[in-house]
Amino acid sequence: MEHLELFFKSIFIDNMVFATFLGMCSYLAVSKKVATAVGLGAAVIFVLAVTVPLNWLLDQYILQPGALAKTLGPEYASYDLSFLSFIMFIATIATMVQLVEIVVEKFSPALYNSLGIFLPLIAVNCAILGGSLFMQSREIPTLGMALNYGISSGIGWFLAILAIAAIREKIRYSSVPAPLRGLGITFILTGLMAIGFMSFGGMLTGSDDGNKKEKVEQAIKVEDKKKEDVVKKEEEKSAKTTTALNQ
Amino acid sequence: MAEVAEQEKVKKAPSEPLFSKKNRKLITDPLTDNNPITIQVLGICSALAITAQLKASIVMTIAVIFVLGVGNVVISLMRNIIPSKIRIIVQLIVVAALVIIVDLVLKAYAYSLSKELSVFIGLIITNCIIMGRFEAFALANGPWKSFLDGIGNAAGYGAILIIVGFFRELLGSGTLLGFKVLGDPVEKTGLFAFGYENNGFMLYSPMALIVVGLIIWVQRSRNKALIEQE
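Caption draft 1: Structural detail: the overall build of chain A. When its secondary structure is counted, chain A shows twelve helices and zero strands. Ordered by position from N to C terminus, the α and β elements of chain A give α-α-α-α-α-α-α-α-α-α-α-α. In chain A, which comprises 247 residues, the share counted as buried stands at 42%. Restricting to contacts in chain A with at least 6 residues of sequence separation, those with at least 24 account for 77%.

Caption draft 2: Region of the structure containing helix α1 (residues 2-13) of chain A. Between its terminal C-alpha atoms α1(A) stretches 15 Å, which fits the 16 Å expected from twelve residues at 1.5 Å a residue. Every buried residue of α1(A) is listed here: A:Leu6, A:Ser10, A:Ile11 and A:Ile13.

Caption draft 3: Structural context of the pattern of salt bridges. As enumerated under the stated definition, the model contains four salt bridges over all chains in all. Among the ionic contacts, a cluster of salt bridges with common partners joins A:Lys9, A:Asp14 and A:Arg138.

Caption draft 4: Highlighting the interface of chain B and chain A. With 44 residues of chain B at the contact, the number on the chain A side is 43 residues. At the boundary of chain B with chain A, total buried surface from both sides reaches about 3800 Å², with 83% on carbon and sulfur atoms. Linking chain B with chain A are zero salt bridges. Counting across the interface, chain B meets chain A through zero residue pairs in polar contact (both at pLDDT 80 or more). Among the elements that make up the side of chain B that touches chain A, the one with the highest residue count is helix α9 (residues 205-222) of chain B (twelve residues). Class assignment for the residues of the side of chain B that touches chain A results in 32 nonpolar, seven polar and five charged.

Caption draft 5: Region of interest: the side chain of B:Gln91. Residue and element names in this part refer to chain B. Its location among the elements puts Gln91 in helix α4 (residues 87-109). Classification of Gln91 as buried rests on a relative accessible area of 1%. A polar side-chain atom of Gln91 sits 3.2 Å from a polar atom in the side chain of Glu135. Discounting chain neighbours no more than four positions away, the residues touching Gln91 are Ile75, Met131, Phe134, Glu135 and Leu139.

Caption draft 6: Up close: the packing of helix α3 (residues 54-78) of chain B against helix α8 (residues 143-173) of chain B. Residue and element names in this part refer to chain B. Two elements in contact, α3 and α8, have axes separated by 8 Å at closest approach and are oriented at 165 degrees. What the angle tells us is that α3 and α8 run roughly antiparallel. Pair α3 / α8 crosses with right-handed handedness.

Caption draft 7: Summary view of the layout of surface pockets. Taken as a whole, the largest pocket encloses approximately 640 Å³ of empty space. In terms of lining, the largest pocket is formed by 22 residues, of which the most central are A:Gln136, A:Ser137, B:Asp103, B:Lys107 and B:Lys115. Of all elements in the fold, only α6 (85-107) and α9 (126-137) of chain A together with α4, α5 (111-117) and α6 (119-122) of chain B reach the threshold of two or more residues within the lining of the largest pocket. In the lining of the largest pocket, the residues fall into eight nonpolar, eight polar and six charged.

Caption draft 8: Representation of the environment of A:Pro109 within the structure. Turning to its location among the elements, A:Pro109 is positioned in helix α7 (residues 109-115). Measuring from C-alpha to C-alpha, the distance between A:Pro109 and A:Ile90 comes to 27 Å, with 19 residues separating the pair along the chain.

Caption draft 9: Broad picture of the environment of A:Glu101. All names here are of chain A. Along the chain, the position of Glu101 falls in helix α6. The buried category is assigned to Glu101, whose relative accessible area is 18%. Taking the C-alpha atoms as reference points, Glu101 and Leu63, 38 residues apart in sequence, are found 27 Å from one another.

The rules behind the values
Residues numbered from 1 in each chain as written. Chains lettered and ligands numbered in written order. Predicted model: local features only at pLDDT ≥ 70, side-chain atom pairs only at ≥ 80, totals over all residues. Heavy atoms only, no water. Helix = DSSP H or I, 4+ residues; strand = E, 2+ residues; numbered from the N terminus. Buried < 20%, exposed > 50% of the residue type's maximum accessible area, 1.4 Å probe, protein only. Contact = heavy atoms within 4.5 Å. Expected span 1.5 Å × (residues − 1). Salt bridge = Lys/Arg side-chain N within 4 Å of Asp/Glu carboxyl O. Buried area = accessible area lost by both parts, 1.4 Å probe. Polar contact = N/O pair within 3.5 Å; in protein donor to acceptor, adjacent residues only side chain to side chain. Nonpolar A, V, L, I, M, F, W, Y, C, P; charged D, E, K, R; others polar. Axes fitted to C-alpha atoms, helices over the stretch in contact; angles between N-to-C directions. Parallel < 35°, antiparallel > 145°, perpendicular 65-115°, else oblique. Left-handed = near helix turned anticlockwise from the far one by under 90°. 1 Å grid on protein atoms, 1.4 Å probe; cavity = no way out; pocket = protein on both sides within 12 Å on 5 of 7 lines; lining within 4 Å. Points joined across faces, edges and corners; volume = space filled by probe spheres on them.

Right, dumping it as structure tokens:
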């Protein structure tokens with residue numbers, strides 16, 4: 001259930017492009033044709049799925065305040081290396097992208113050709129580093145959740161670039177005002193799509209709040225009952241003692 | 001804008017060679033006709049989410065000017081010893097080191113602001129402007145020219161950020177840098193006395209995109225040469 005919630009949340013509510021503007025540069029530059037957009041989107045999902053869990057491990061076992069105690073022993077508990085996280089994350093991403101490029105080239109030349117120039121470009125895609133930084137700042141609890149977060153935010157990005165590429169292919173045939181042609185209308189379209197995606201906002205949070213309130217109310221009722229019980233018992237006791245004393 | 005810039009050029013022409021015509025063009029060009037955001041389509045990623053307030057936009061501008069100016073000089077100085085195969089990693093490490101400095105300074109002197117900017121300071125690392133200028137300029141030019149190019153491009157980027165931030169804060173919350181320039185919405189003073197209302201929608205992120213789209217519209221209808229041909 002937790003996984004499902006995170007999955008839909010990262011795709012629709014916290015969509016990389018529409019909610020946080022991550023990866024906008026390549027989103028705008030590579031969205032002229034659907035085919036290339038699909039290639040880049042697939043590459044982003046893949047790289048996010050690899051780098052987010054890796055950076056989660058780095059964060060948990062090296063970077064967090066006191067994390068060195070887990071790996072090297074209790075005498076390192078006072079070290080706080082969190083200021084190094086930018087440099088560690090970006091180095092991981094750059095090396096992983098090159099590694100992935102080499103592996104894909106060796107074992108699947110067809111996939112390599114279809115991803116083409118996009119793979120090296122991804123190292124400087126804000127969405128990738130943004131995924132790792134949000135993973136850190138939102139305190140994702142487990143490795144599985146981190147993997148889930150990487151994949152699902154990649155899917156969100158994929159959806160966004162696919163949609164805008166489809167719209168841009170169609171809009172070529174309509175009469176947009178000349179100064180808005182190309183970049184300008186793409187910005188405005190993205191804005192409108194983002195407004196659309198805002199409507200997903202209440203999908204999970206609304207029911208969550210309701211559940212919490214109900215739980216809190218139930219807890220309060222239970223406590224009240226307990227208190228009443230205690231009071232009744234005490235009353236009974238005191239009544240008994242008084243009757244006993246009277247006798 | 002372009003006319004004013006040209007007039008300034010004419011006035012300053014007989015000055016020292018450090019600011020020769022070509023060098024000054026490096027700074028003025030990105031401000032108008034070669035703007036990184038509206039023309040080169042670089043650096044939109046980390047920019048738009050923080051423009052709901054003018055103050056954050058200004059801080060972001062200063063941070064990017066620092067990182068791009070210094071980074072361009074460093075890369076330009078090292079341009080002959082960086083092996084071209086691993087240059088992206090070298091560039092990323094240089095930017096990451098500079099961004100860590102910015103982040104720590106912000107945390108020390110403006111903690112609440114650094115909380116507000118959250119991950120977006122870190123995202124300066126992958127700001128396409130920075131990598132783009134390193135690749136396109138600093139790897140091929142000397143340190144002084146690279147410095148001017150860096151400052152110019154960062155300023156052009158900042159100009160758009162500040163324009164967007166100005167309109168979003170003014171129309172969204174009726175303030176500028178926190179001062180209530182349009183009056184008090186609760187006590188109904190100033191404009192609010194006449195039934196004016198804040199447009200809360202300006203504070204949501206989609207409006208940043210639409211405002212940038214409108215800026216592009218204005219810029220391109222003033223300078224027809226920039227219109228895209230398809």
